[in-house]
Amino acid sequence: MLHLTVTPALGLALWAEQMADTRDGWRFSADDGLRRAVAALLPGDRAPATPSIPDLPLLWPARGLEPTPSDGLRPFLLAGTPVRTPPLPNRLGQQHVAALQVSAGLVHRLRPMAEAPWLQLGHDARFWAMLAGDALALVASGQFVPRLVSVAGGATFRWLPLVEYGAALARLNELAYAMPDAARAGHPDAAPGYAVKEVLGRLVDGLVRSGGMRRDPPVSGAAWHTLQALTKLGPELVLPAAVVEHLGAAGTESALPARVTFRVVPVSEAPWRVEFLLQDRRDPSVLIPAATVWRRDPTVLEHFRAQGYDPEELLLRGLAKASTVSSIIHRALEDPAPTEVACSVEEAYDFLKTQATHLELLGFGMQLPAWWRRKGSRFRLGVRGRARSAAGHTASGELGTGKVVRFDWQAAVGDSVLSRAELERLAALKRPLVEVRGQWVELDRDALDQAMALMDQPRDLSLVEVLMQGSPSDALPLLGLEGEGDLAPVLEHLQNHAAIDPVSPPEAFRGQLRGYQQRGLEWLAFLTRFGLGACLADDMGLGKTVQTIALILHRRAQGRCRPTLLLCPTSVVSNWLRELARFAPTLRCQAIASGAEAAGAAKLAREVDVLVTSYGVASRQSKELAAVDWDGVVLDEATNVKNAETARAQAARKLKAEYRLALTGTPVENRLSELHAILAFANPGFLGSERAFRQHFALPIEKWNDQARAEELQRIVQPFILRRTKRDPEVAADLPAKREAEVVCVLTPEQASLYQATVDDMLAKIDAAEGIERRGLVLTTIARLKQICNHPANFLGDGSTLGGRSGKLLRLEEMLAEVAELGERALIFTQFAGFGARLATHLQETVGLPVPFYHGALSGRARDQIVDTFQQLDGPGALLISIRAGGVGLNLTAANHVFHYDRWWNPAVEDQATDRAFRFGQTRDVMVYKFMTQGTIEVHVADMIAAKRQLAGLVVRAGESWLTELSTGDLRDIFALDQRWAEAA
């Protein structure tokens, strides 16, 4: 059983009780048992070799001198023999245990569901885990502020929660009342309320720091140091008591006409110098050396006496104040007229590292060497990774997957690479600051030892593994990756987005690539040349198909003769075959439509150039397809593998190929885990494990809108994702216009009556339900209300007539008639396939147009026939489509009007459906109409989405599941029928 208790320093300590093979059968856990428990509960974390608190005193229940086990362990003690049951306690006694000091991040990961059968969380650990949830809620709502707090040896800056009033204070009191005694067994003198507030502060501080912050804020001096102390950019800044004492008088000092400024002058041979100057506050460019002040220069005297001050007094006053926090300045005051102070390299380092920060916080000016200030840090020893072709391998073809790259580390300072001999010379100096090739460098002994060890360990890696290389440690920053020979351009492009070599369109390609498509081919050819995967994420309709076909032809022209496997949804298999025949008639292409055909994949692969099959067949016959060595594996509509745990995603990752290509218009449809799953297919291992990705990127970006993490992720994935939208100028010039309009309809009296009755009935049920039952009721209610908005017959399912009963249907009839008069054609999307057949029949009868219905129950041949017929010049005037079956993959450019009869409430899904008409090959402007009924849930939710759509590029919450998380009151507002429109109906 793991326990978590507050310690006298108001930190948290983790310790354990353990069943043991001893005569008594129970004891407080020793080091090995505690480390084993931590490793089981927190996989991937490394417990320290020894506990940080070897002898933590606890006030614990005891019987006589014997401590008693927790209640939760008693059933285990009773279950075995000859274990005897310890007697009930009759007093509290001091016990001593081995413990680990834990961080705020670890507390957030303590959850009961992580328990193993042999491991439990004590009531105290559960309490602090619950408090961690409160801390997360406070941070998410912005209820925290920066403050200066006391710590051992002085004070420091921390983020603290705002819990001094209102509901937050009531919650704090509630937690203090419920706090288990064991939670403060390590510090029994702490009042519960005080302990809870202090631990809550530590948890909030850890959360805010973990969110990250830009590394180059537009501030300097004292503000920069304060920001450093409030982020994870640097170590915790502990201010000595003398600094804290002077901070309160900072305001009065700023009223003086000048301040003392210190200039640090590094010298190679002689001791360093710290020079003293007087700086005018009104004109900071005026810097008067101390020697000039002591000479009582008439100009200087006149300048300051006009303001009522003597320059000598200002200088001495400042130096006296600085001497209380700086030993170097204190030594200088032994001279009656100090102008500077000489110091050793070690003293200069201490001044730069610590004393300068304290002096800046007190308002003194600092002129430090530029290399120390550079971007908030200083030049220091780092490493550069170097990749070159391993012996016996070429630098192309199999680099992405084969272990053919020899990788080693080079020690470096900035752009200067250091030899092993130079490192040994630096080590012999034993100084914190050394001069390397004219540049002063902060030298960390641990970093130096690590650098020399790394230089002795060259390894063979794949190119993807090379790109995954990060900083070996906090002490040794990664300064860059370099490549030799043919590896140089790929690393230069992937790190710095350098230009790539042009590629001519393949001679066998029958068609003309547009400018952006040609650049897409060049990008794909470049990455696949090195065996790297890619995600082509152009908007729907911009020609991902033709770019892929051009890539296949290009690789075959380069001598890559192995076949390509293409996986796609069943509905677009035939579309791929048609496009391949159109743009690449020289390729031998065949579809695998069944498991029996997939069983012969190895034989087919020797006879054809491209095999096309569905995700369903691929997941069922993964073993057969994985036995073939493909030139490339292409996933069309790659969101089909967005869930990494599904059979189809696992099957796709098992396929062997020299390159992998994912095609999708929405690389992030719902959550960032989908992006991880897609890139885990394209470049396995590149983004690390799903768990690590979620902690470092997904959680900060999705939960806290962390822009710094979003930008970091964008930099990492940008080389492997190419996305062009229809709004890009180079693309828009090649496309017709798209105009969108919301068509607001009114309810009929019958619809209004059904709507209100359904809301009243379902809200009562939702209010009484909990958990998954409540979420199911919310989704059911949404579906029913949308059906009523469509048509009463859609909701009742009674087969009754459709005419004259739905305001939405009446408006659709009118607008389709207008489209027919123009001689143009339309697509109509609905999510209710059961109602679609009746709707299609009704529209044929009322508008006089043939309206085929494309839905999931049709055979593949029937679907292809509908698409082929519609695309013909004399095809039907309208096509009704189930959005699930036909929202992606189809080319329906014969239509230039798109009707969304009911809303899907996910902009990405609706845009995909619209792109069946608004795509490459469309020559006319496209009109998009989104239907909704006034005063209903359709309008309420549309308004909410419009207000939040600016966040869609960061994280999109698709569909309707997010509505299930709203309170009953919020749902009532969304579901409610606006009475103005009810009365009008």
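Computed from a prediction, not measured in an experiment: that's the story for all the values here.

Describing the overall build of the protein chain
Piece 1. Counting its regular elements, the protein chain contains 42 helices and 33 strands.
Piece 2. Each of the 985 residues in the protein chain was classed as buried or not, and the buried ones make up 52%.
Piece 3. Looking at the protein chain alone, contacts between residues at least 24 apart form 71% of all its contacts between residues at least 6 apart.
Piece 4. Accessible surface computed for the protein chain: about 43,700 Å², of which carbon and sulfur atoms make up 52%.

Section: the nonpolar core
Piece 1. Ranked by size, the top nonpolar core spans 110 residues in total, and within it Leu381, Val490, Leu532, Trp576, Trp630, Leu635 and Leu661 carry the most contacts.
Piece 2. Aside from chain neighbours lying at most four places away, what touches Trp630 is Arg562, Pro563, Thr564, Leu565, Ala605, Leu611, Leu625, Leu655, Lys656, Ala657 and Glu658.
Piece 3. In this structure, Leu14, Leu110, Val274 and Trp294 belong to the second largest nonpolar core, which totals 86 residues.

Side note on the pairing of strand E24 (residues 610-614)
Piece 1. Among the 5 residues in E24, 5 count as buried, and that is most of the element.
Piece 2. Covered by surrounding structure in E24 are Val610, Val612 and Ser614 together with Leu611 and Thr613, the residues of both alternating faces.
Piece 3. Both strand E22 (residues 564-568) and E24 contribute to a ladder of 5 bridges, which runs parallel. Along E24, the bridge assignment pairs Thr564 with Val610.
Piece 4. Bridge count between strand E23 (residues 589-592) and E24: 4 bridges; the pairing is parallel.

A closer look at the packing of helix H20 (residues 515-529) against helix H21 (residues 544-557)
For any two helices packed against each other, one specifies the crossing angle of their axes together with the interaxial distance.
Piece 1. Look at H20 against H21: their axes get within 9 Å of each other, and the N-to-C directions meet at 45°. When the interaxial angle is binned, H20 and H21 end up oblique. Both H20 and H21 take part in a crossing whose hand is right-handed. Counted together, Tyr516, Gln517, Gly520, Leu521, Leu524, Ala525, Thr528 and Arg529 of H20 and Val546, Gln547, Ala550, Leu551, His554 and Arg555 of H21 form the full contact between these two elements.
Piece 2. Here the contact of H20 with H21 is composed, by residue class, of 7 nonpolar, 5 polar and 2 charged.

With respect to the sheet that holds strand E25 (residues 629-635)
Sheet strands pair via backbone hydrogen bonds, and the direction of the pair is either parallel or antiparallel.
Piece 1. Reading across the sheet, the 7 strands line up as E23-E24-E22-E25-E26-E21-E27 and stay open at both edges, with parallel pairing between neighbours. In this open sheet, the two edge strands, each paired with only one partner strand, are E23 and strand E27 (721-722).

A closer look at the confidence of the model for the protein chain
Piece 1. Considering every residue of the protein chain, the mean pLDDT works out to 80; 83% of them sit at 70 or more.
Piece 2. With pLDDT under 50 throughout, residues 43-49 is counted as low confidence; its partners more than four residues away or in other chains account for 8 contacts.
Piece 3. Across residues 74-87, where pLDDT falls below 50, the model places 19 contacts with residues more than four positions away in sequence or in other chains.

Description of the sheet that holds strand E33 (residues 926-933)
Piece 1. Across the sheet, 6 strands lie side by side as E28-E33-E32-E29-E31-E30; this open sheet has parallel pairing. Of all strands in the sheet, those with a lone pairing partner are strand E28 (738-745) and strand E30 (853-854), marking the two edges.
Piece 2. Alignment of E30 against strand E31 (residues 878-882), held across 2 bridges, turns out to be parallel. Counted as the bridge partner of Tyr854 is Ile881 from E31.

Considerations on the packing of aromatic side chains
Piece 1. Overall, the coordinates contain 14 aromatic pairs when judged by the stated rule.
Piece 2. With 5.8 Å between their ring centres and 45° between their planes, Phe262 and Phe364 make a pair best called tilted. Here Phe262 is found in strand E9 (residues 258-265), whereas its partner Phe364 is found in the loop between helix H14 (345-361) and strand E13 (365-367), with 102 residues between them in sequence.
Piece 3. For Phe262, a relative accessible area of 0% translates into the label buried.
Piece 4. Relative accessible area serves as the criterion here: at 7%, Phe364 is assigned to the buried category.

Topic: the pattern of salt bridges
Piece 1. Counted by the stated rule, this structure contains 31 salt bridges.
Piece 2. Between Arg273 and Glu275 there is a salt bridge, with its nearest N and O atoms 2.9 Å apart.
Piece 3. Owing to a relative accessible area of 27%, Arg273 belongs among the partly exposed residues under this scheme.
Piece 4. If you follow the salt bridges from partner to partner, you end up with Arg555, Arg560, Arg562, Asp631 and Glu658 in one network.

Looking at helix H37 (residues 860-871)
Piece 1. When the terminal C-alpha atoms of H37 are compared, their 17 Å separation across 12 residues agrees well with the 16 Å that a helix rising 1.5 Å per residue should span.
Piece 2. Turning to H37, its buried residues number three or more, namely Arg863, Asp864, Ile866, Val867 and Phe870. Projected down its long axis, H37 shows its buried positions confined to an angular sector of 160°, all on one face. Exposed and oriented more than 90 degrees from the buried face of H37 are Arg861 and Gln865.
Piece 3. Buried residues in H37 make contact with helix H22 (573-583), strand E29 (826-830), E30, E31 and helix H38 (883-886).

Some points on the environment of Pro876
Piece 1. Checked against the element boundaries, Pro876 lands in the loop between H37 and E31.
Piece 2. Assessed through its relative accessible area of 10%, Pro876 is described here as buried.
Piece 3. C-alpha of Pro876 to C-alpha of Pro850: the two residues are 26 residues apart in sequence and 5.5 Å apart in space.
Piece 4. Once you skip the residues sitting within four places of it in the chain, Pro876 turns out to touch Arg825, Pro850, Pro852, Thr869 and Phe870.

A short note on the environment of Pro667
Piece 1. As for its placement among the helices and strands, Pro667 is situated in the loop between strand E26 (656-663) and helix H28 (672-682).
Piece 2. Along the sequence, Pro667 and Leu536 sit 131 residues apart, while their C-alpha atoms lie 9.1 Å from each other.
Piece 3. Residues contacting Pro667, with those up to four places away along its chain left out, are Ala537, Glu674, Leu675, Ile678 and Arg723.

Some thoughts on helix H30 (residues 707-717)
Piece 1. Listed in full, the buried residues belonging to H30 are Arg709, Ala710, Leu713 and Val717. Considered in projection along H30, the buried side chains sweep an arc of 100° and stay on one side of the axis.

With respect to the environment of Ala129
Piece 1. Turning to its location among the elements, Ala129 is positioned in helix H4 (residues 123-140).
Piece 2. Judged by relative accessible area, which is 7%, Ala129 ranks as buried.
Piece 3. Spatially, the C-alpha atoms of Ala129 and Val107 are 5.8 Å apart, while their sequence positions differ by 22 residues.

Some details on the packing of H4 against helix H5 (residues 166-178)
Piece 1. With their axes 12 Å apart at the nearest point, H4 and H5 run at an angle of 175° to one another. Classified by the angle their axes make, H4 and H5 are roughly antiparallel. Here Phe127, Met130, Leu131 and Asp134 of H4 lie close against H5, whose contacting residues are Arg171, Leu175 and Ala178.
Piece 2. Among the residues forming the contact of H4 with H5, the class breakdown is 5 nonpolar, no polar and 2 charged.

About the thresholds
- Residues numbered from 1 in each chain as written.
- Predicted model: local features only at pLDDT ≥ 70, side-chain atom pairs only at ≥ 80, totals over all residues.
- Heavy atoms only, no water.
- Helix = DSSP H or I, 4+ residues; strand = E, 2+ residues; numbered from the N terminus.
- Buried < 20%, exposed > 50% of the residue type's maximum accessible area, 1.4 Å probe, protein only.
- Contact = heavy atoms within 4.5 Å.
- Areas by Shrake-Rupley, 256 points an atom, 1.4 Å probe, with all protein chains shown as cover.
- Core = buried A, V, L, I, M, F, W, Y, C linked by side-chain atoms within 4.5 Å.
- Pairing = 2+ DSSP bridges.
- Axes fitted to C-alpha atoms, helices over the stretch in contact; angles between N-to-C directions.
- Parallel < 35°, antiparallel > 145°, perpendicular 65-115°, else oblique.
- Left-handed = near helix turned anticlockwise from the far one by under 90°.
- Nonpolar A, V, L, I, M, F, W, Y, C, P; charged D, E, K, R; others polar.
- pLDDT = per-residue confidence, 0-100.
- Phe/Tyr/Trp six-rings, centres within 6.5 Å; stacked < 30°, edge-to-face > 60°.
- Salt bridge = Lys/Arg side-chain N within 4 Å of Asp/Glu carboxyl O.
- Expected span 1.5 Å × (residues − 1).
- Arc of directions from axis to C-beta.

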